[in-house]
Amino acid sequence: MSKKITMQLDQLTCPSCLTKIEGAVKQQPGVSNVKVLFNAGKVKADFDDSQTSADQLSDVVTKLGYEVKKVRVKDNE
Amino acid sequence: MKFQLWIEKHTTQLTAVSAILIVLGYASKYLLNAPLVYTITLAAASIVAGVPIFLHAYQALRVKVISIELLVTIAVIGAFIIGEYNESAIVTFLFLFGNFLEQKTFAKTRQSIKSLTEMAPTSAELVHDDGTIEEVDVDDLDVGDVVQVKTGGSIPVDGEIVDGQGYADEAAVTGESRAVTKNAGDKVFSGTLLSDGYVKIKATKVGDDTTFAKIIELVEDAQDTKSHAEKFIDRFAKYYTPAVLVIALIVGLVSRDFKLAITVLVLGCPGALVIGAPVSNVAGIGNGAKRGILVKGGSSMDTFSKVDTFVFDKTGTLTTGKTALADSKVYGSDANEALQLTAAVEALSDHPLGRALTQAADDAHLDYKALAIENSSTIKGQGITATVAGHTVCAGNHRLLEAHDIQLSAEQAETLSQFQATGSSIVIVAIDAKVAAIYAIADTIREGLKDELAELKKAGAKHLVMLTGDNAQTANYVADQLGIDEVHADLLPQDKVTFVKQFEDEGRTVAFVGDGINDSPSLATADIGIAMGSGTDVAIETSDIVLMQSSFAALDHAYKLAKKTVLNTRENIFISIAVVAFLLLGLIAGFIYMASGMFVHEASILVVIFNAMRLINYGKHDDKKISENVANLTAVNSAK
């Protein structure tokens, strides 16, 4: 099933972090529409929960060195 | 992984440690004359400050991005190899310290949005069916749940009051800070503050679906929606950074000067250029958001600043959309008495003209409801007659008068045609078979609008156009009153779209301003669609700029703000390019090296951020009150 994840990070300061996070999340299986909001410090993406999970995605971001403060998952209509 | 997180969290401390080591190093060289200690401390400083930079460079490389950190990393390793420990120490320290200052100042430019999001409540008091109360996270609320809110609390859901009453401050959704009375059955919005009272609310929208959540999402997205300049710079930076690497390599190979090559790496950092444009937009959009002006991103800001033609919808935009008593002339009797008798008669009908008159009587605090009424009769297409407190009162149009054989004097006929020329609807009142008053009723023009439109012209608008479905007479009158340049009346919604397109074809940049109720097509067609008043969801989606309050003062501010923001962006781009040129010249002339180059870079980044910060307070003395109120709200919220 398709779901939408929103991860709240600490504030981002370098525009290159953005490319980094976007690239890494995009490479995960079943993930589409990755959007990193630089100023709001949020990562939004659609994902297929049969291929990956919210925990896995937040793990990817954490591994890049960014603390994930809050994760919200919503079902896509 | 732990190591990396630890580094991220302690970068500030690492920066401080490296600063201390640098000071110690120089002290030991010049005061103690101990060159070995100097070398060791500076090498240590380079490593301490270098680790976070190396880490970032490595992570970026793993996702195939050549980052600024990579340039710095290579330069620092190069400096190490040739034993220039002082250069490497100062470069790494300045890079980290610069980042630290950027973070602090950047946070300031984001503050306006942050203060908005901080108004969003995080917990709610859920009332269970058995009356018990439980404190829950707002995310756990469902539609249909009942929550309670006490004085000073913020409302956690969009919903309807089922019990209790109070005053709500709706600044968060309307930008207008004033207490609105809320009783059972009234709608309330998430993020607004219950300044007084106690209410129970049944949720109709929760979480991300609430109006407030949508506003926040819109503003957050807006800040990251890039302007053309930004998109260009992003693309540029993507090739620029690798290009610097290549150039440094070529310089190194050609000149056989290793130090020159690594200096080029440091000087080539795009620094201020990548941050200059976004920071202006963030500050500008934040400034608007604080005043209930939602600009959907940098490109909207850009286009809006270029607008030369404003097209307005009349009803509900230039006018209030509510009919009201616009003018009156009273003959013989006392004005209040005439209005009182008229209102008594009009209270019998539901006609919009009648309501305008009873409203006028209410406003004048006239008690007409207690008057005794007999023999009332409504004549369709003419008006009403009745006997009120012993007087025979006829209120209606000229046909009603003719039917009762009442003649207008020459003077009265003159007044009548004057009133008609304004496009108003007319009610003539005869008391005891004599004309007592003529009332002109019209959709009233917004107060102070003429000055606000003049202000818009002063700010750079060339052409003001009004499009309306109303008749030509009314339209022309309103246009004359307001100093509108061009008027088209009797239009259907699709005709409005045609006009907007026509203006665009003539090469103008068009902003369409409407209330969004039936003009969404025009909002979408215009270069910039501006929805006024909180409007409908559709209007918010199709428009480029949303004014949460129906105010032309807000429109003036938004227009000037867009121009200021774009100017600010240009200034920042100019500063960044000038810095790069200066560094290049300095390098050729031989007075710039790695450390000094890094210093100039970091300084220029701070300069562009400070320049953008001027936007945050732009127009502050105009509306000190609004922002103070918002600030107060925030303070109350964060205190909890």
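It should be emphasised that the depicted structure is a prediction, and the values quoted were computed from it without experimental measurement.

If you tally the helices and strands in chain A, you get 2 helices and 4 strands. Going from the N terminus to the C terminus, chain A shows its helices and strands as β-α-β-β-α-β. For 77 residues, the compact-globule estimate of 2.2 N^0.38 gives 11 Å, and chain A sits close to it at 11 Å. Counting all 77 residues of chain A, 49% fall into the buried class. Within chain A, contacts between residues separated by at least 24 positions form 66% of all contacts whose residues are at least 6 apart in sequence. In the form shown here, chain A has an accessible surface area of approximately 3600 Å², with 45% of it arising from carbon and sulfur atoms. Between the mean site of the 12 positive side-chain charges and the mean site of the 10 negative ones, chain A shows a separation of 6 Å.

Here we take up the overall build of chain B. The secondary structure content of chain B amounts to 25 helices and 20 strands. Taken against the 2.2 N^0.38 rule, which gives 26 Å for 640 residues, the C-alpha radius of gyration of chain B at 34 Å runs more than 25% over that of a compact globule. Oriented by its inertia axes, the alpha-carbon framework of chain B measures out at about 115 × 65 × 40 Å. Relative to its full complement of 640 residues, chain B shows a buried share of 51%. In chain B, the proportion of contacts linking residues at least 24 apart, taken out of those at least 6 apart, comes to 66%. For chain B, the accessible area works out to roughly 28900 Å², and carbon and sulfur atoms hold 57% of it. Distance from the positive charge centre (52 side chains) to the negative charge centre (76 side chains) of chain B: 9 Å.

Further remarks concern the confidence of the model for chain B. Residue and element names in this part refer to chain B. For chain B, per-residue confidence averages 83 on the pLDDT scale, and residues scoring 70 or more make up 94% of the total. No element of chain B has a lower mean pLDDT than helix 25 (residues 624–639), which averages 44, and none a higher one than strand 16 (residues 463–467), which averages 93. Between residues 624–640, whose pLDDT stays under 50, and residues either more than four places distant or in other chains, the model counts 22 contacts. Across the interfaces of the predicted complex, the ipTM metric reaches 0.75, alongside a pTM of 0.75.

Residue and element names in this part refer to chain B. As summarised here, the arrangement of the 6 strands in space is 10-15-14-13-12-11, forming an open sheet in which the pairing is antiparallel. Sheet topology places strand 10 (319–330) and strand 11 (373–379) at the edges, where each strand pairs with a single neighbour. On average, adjacent strands in this sheet sit at an angle of 15 degrees to one another, irrespective of strand direction. Lying over the sheet, helix 15 (residues 352–363) contacts strand 10, strand 14 (425–431) and strand 15 (434–445), oriented at roughly 70 degrees with respect to strand 10.

Okay, the domain arrangement of chain B next. When the domains of chain B are assigned, the result is domain 1 (2–109), domain 2 (122–209), domain 3 (284–319 + 446–557) and domain 4 (321–445). Look at where the C-alpha atoms of domain 1 of chain B and domain 3 of chain B centre, and you get two points 53 Å apart.

Residues V246, L249, I250, L253 and V254 of chain B make up a contiguous nonpolar surface patch of roughly 500 Å² in combined accessible area. Assignment of secondary structure puts I250 of chain B in helix 9 (residues 228–255).

Facing the 26 residues of chain B at the interface are 26 residues of chain A. For the pair chain B and chain A, the two sides together bury roughly 2500 Å², of which 47% comes from carbon and sulfur. Broken down residue by residue, the surface that chain B buries against chain A is led by V63, R110 and D224 of chain B, which jointly contribute 22%. Applying the counting criterion to the chain B and chain A interface returns 0 salt bridges. At the boundary of chain B and chain A, one finds 0 residue pairs in polar contact (both at pLDDT 80 or more). Only helix 1 (2–9), helix 3 (35–62), helix 5 (85–109), helix 8 (211–224) and helix 11 (272–290) of chain B provide two or more residues apiece to the side of chain B that touches chain A. For the side of chain B that touches chain A, the leading source of residues is helix 8 of chain B, giving 5 residues. By residue class, the composition of the side of chain B that touches chain A is 9 nonpolar, 6 polar and 11 charged.

With respect to topology, 4 strands assemble into an open sheet ordered 2-3-1-4 (chain A), the strand pairing being antiparallel. In the strand order of this sheet, the two ends are held by strand 2 (31–37) and strand 4 (68–75) of chain A, each with one partner. When the angles between neighbouring strand axes are averaged without regard to direction, this sheet yields 15 degrees. Summarising the sheet, strand 1 (residues 2–9) of chain A and strand 3 (residues 42–48) of chain A pair through 7 bridges and their orientation is antiparallel. In the sheet register, I5 of chain A faces strand 3 of chain A, and the bridge partner there is A45 of chain A. Relative to the sheet, helix 8 of chain B contacts strand 2 and strand 3 of chain A, its axis offset from that of strand 2 of chain A by approximately 85 degrees.

Here we take up the packing of helix 18 (residues 449–458) of chain B against helix 23 (residues 552–589) of chain B. All names here are of chain B. It is the contact of helix 18 with helix 23, at a shortest axis distance of 9 Å, that shows an interaxial angle of 5 degrees. With respect to their mutual orientation, helix 18 and helix 23 come out roughly parallel. Packed against helix 18, whose contacting residues are L449, E452, L453, E455 and L456, the element helix 23 presents F552, A553, L555, D556, Y559 and K560 at the interface. Classifying every residue of the contact of helix 18 with helix 23 by side-chain character gives 7 nonpolar, no polar and 4 charged.

What follows deals with helix 14 (residues 335–346) of chain B. The end-to-end C-alpha distance of helix 14 of chain B, which contains 12 residues, comes to 16 Å, matching closely the 16 Å that a straight helix rising 1.5 Å per residue would cover. Where helix 14 of chain B is concerned, the buried positions are A338, L339, L341, T342, A343, A344, V345 and E346 of chain B.

Residues and elements named next belong to chain B. Overall, the coordinates contain 12 aromatic pairs over all chains when judged by the stated rule. Ring centres 6.2 Å apart and planes at 15 degrees place the aromatic pair F310 and F312 in the stacked group. Residue classification places F310 among the buried residues on the basis of a relative accessible area of 0%. By relative accessible area, F312 is classed as buried at 0%. Consider the rings of F312 and F552, whose centres lie 5.7 Å apart with planes at 45 degrees: the pair is tilted. Here F312 is found in strand 9 (residues 309–313), whereas its partner F552 is found in helix 23, with 240 residues between them in sequence. This pair shows no difference in class: F312 is buried, exactly as F552 is. Taking NZ or CZ as reference, K259 lies 4.7 Å from the ring centre of Y593, over its face.

Our focus in this paragraph is the packing of helix 9 of chain B against helix 11 of chain B. All names here are of chain B. Running from amino to carboxyl end, helix 9 crosses helix 11 at an angle of 155 degrees, the nearest separation of the two axes being 9 Å. Taken as axis vectors, helix 9 and helix 11 run roughly antiparallel relative to one another. In this structure, the crossing between helix 9 and helix 11 has a hand that is left-handed. Listed contacts from helix 11 to E230, I233, F236 and A237 of helix 9 are L273, V274, A277, P278 and N281. Residue classes in the contact of helix 9 with helix 11 are distributed as 7 nonpolar, 1 polar and 1 charged.

Another point: a negative patch on the surface. All names here are of chain B. On the surface, E134, D137, D140 and D142 cluster together into a patch of negative charge. Relative to the elements of secondary structure, D142 occurs in the loop between strand 2 (133–137) and strand 3 (146–150). The exposure class of D142 is partly exposed, given its relative accessible area of 48%.

Rules behind the numbers
Residues numbered from 1 in each chain as written. Chains lettered and ligands numbered in written order. Predicted model: local features only at pLDDT ≥ 70, side-chain atom pairs only at ≥ 80, totals over all residues. Heavy atoms only, no water. Helix = DSSP H or I, 4+ residues; strand = E, 2+ residues; numbered from the N terminus. Rg over C-alpha atoms; globule rule 2.2 N^0.38 Å. Buried < 20%, exposed > 50% of the residue type's maximum accessible area, 1.4 Å probe, protein only. Contact = heavy atoms within 4.5 Å. Areas by Shrake-Rupley, 256 points an atom, 1.4 Å probe, with all protein chains shown as cover. Lys, Arg positive; Asp, Glu negative; His and termini not counted. Charge placed at Lys NZ, Arg CZ, Asp CG, Glu CD. pLDDT = per-residue confidence, 0-100. Pairing = 2+ DSSP bridges. Axes fitted to C-alpha atoms, helices over the stretch in contact; angles between N-to-C directions. Domains from an automatic or database assignment. Patch = residues over 30% accessible without salt bridge, like charges linked within 9 Å, V, L, I, M, F, W, Y side chains within 5 Å. Salt bridge = Lys/Arg side-chain N within 4 Å of Asp/Glu carboxyl O. Buried area = accessible area lost by both parts, 1.4 Å probe. Polar contact = N/O pair within 3.5 Å; in protein donor to acceptor, adjacent residues only side chain to side chain. Nonpolar A, V, L, I, M, F, W, Y, C, P; charged D, E, K, R; others polar. Parallel < 35°, antiparallel > 145°, perpendicular 65-115°, else oblique. Expected span 1.5 Å × (residues − 1). Phe/Tyr/Trp six-rings, centres within 6.5 Å; stacked < 30°, edge-to-face > 60°. Lys NZ or Arg CZ within 6 Å of the ring centre and 35° of its normal. Left-handed = near helix turned anticlockwise from the far one by under 90°.

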